[in-house]
Amino acid sequence: MLRSADLPKGVYRTCHRKRAPVPYTKAQLKSIFKRFDTNKDGRLSKQELRNAFASLGSYLPGWRAVRGLHQADCDGDGYVSEDELDDLVKYALKCGYTIN
C-alpha cells in the first residue's frame with residue numbers, strides 16, 4: 001500500500017472518482033425544448049431547435065436541428081409542433097445527451 005510518506009515531496013495522494021454521466025429524461029428534454037420556443041407560438045423553428053441543441057452541448061447544433069426537424073416534422077410545415085414534440089424528444093434521447 002502506498003503511504004503519503006513514500007511519495008516525493010510536493011506530491012499528494014488524491015482520490016479521483018469518475019462520475020457516471022446521467023442521461024436526460026423525456027420530461028426534462030420536453031421542458032428544455034419548450035423553453036426554447038422563444039416567440040411562444042407553440043412550435044419550434046429550425047433556429048429555436050438549433051439553440052436548444054446547443055444548450056444540450058451538441059457539437060453541431062445546426063446539423064442536429066435539421067436532423068431533429070426531419071425526424072419530428074410529420075406534416076412538413078418546417079416546424080415541430082406540440083403534437084410532434086414527442087418524436088423530437090425520442091430523437092434527442094437517441095443522441096445520448098447527458099446532464100453535466
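The following refers to the structure shown. All figures in this text were calculated on a predicted structure; none of them were measured in a lab.

Description of the overall build of the chain
Then comes step 1: Summing up its helical and strand segments, the chain has four helices and four strands in all.
Then comes step 2: The order of helices and strands in the chain, counted from the N terminus, is β-α-β-α-α-β-α-β.
Then comes step 3: Taking all 100 residues of the chain together, the buried fraction comes to 30%.
Then comes step 4: The long-range share in the chain, meaning contacts at least 24 apart out of those at least 6 apart in sequence, stands at 52%.
Then comes step 5: A total of about 7400 Å² of accessible surface is found on the chain, and carbon and sulfur atoms cover 52% of it.

Considering the pattern of salt bridges
Then comes step 1: According to the stated counting rule, one finds four salt bridges in the structure shown.
Then comes step 2: For D86, the salt bridge goes to K30, with nearest N and O atoms at 3.1 Å. With D86 in helix α4 (residues 85–95) and K30 in helix α1 (residues 26–35), this pair connects stretches of sequence that are 56 residues apart.
Then comes step 3: Exposure remark for D86: the relative accessible area of 41% places this residue in the partly exposed category.
Then comes step 4: A salt bridge links R43 to D41, with the shortest nitrogen-to-oxygen separation between them at 3.3 Å.
Then comes step 5: One connected set of salt bridges, linked through shared partners, spans D41, R43 and D77.

Rules and cut-offs
Residues numbered from 1 in each chain as written. Predicted model: local features only at pLDDT ≥ 70, side-chain atom pairs only at ≥ 80, totals over all residues. Heavy atoms only, no water. Helix = DSSP H or I, 4+ residues; strand = E, 2+ residues; numbered from the N terminus. Buried < 20%, exposed > 50% of the residue type's maximum accessible area, 1.4 Å probe, protein only. Contact = heavy atoms within 4.5 Å. Areas by Shrake-Rupley, 256 points an atom, 1.4 Å probe, with all protein chains shown as cover. Salt bridge = Lys/Arg side-chain N within 4 Å of Asp/Glu carboxyl O.

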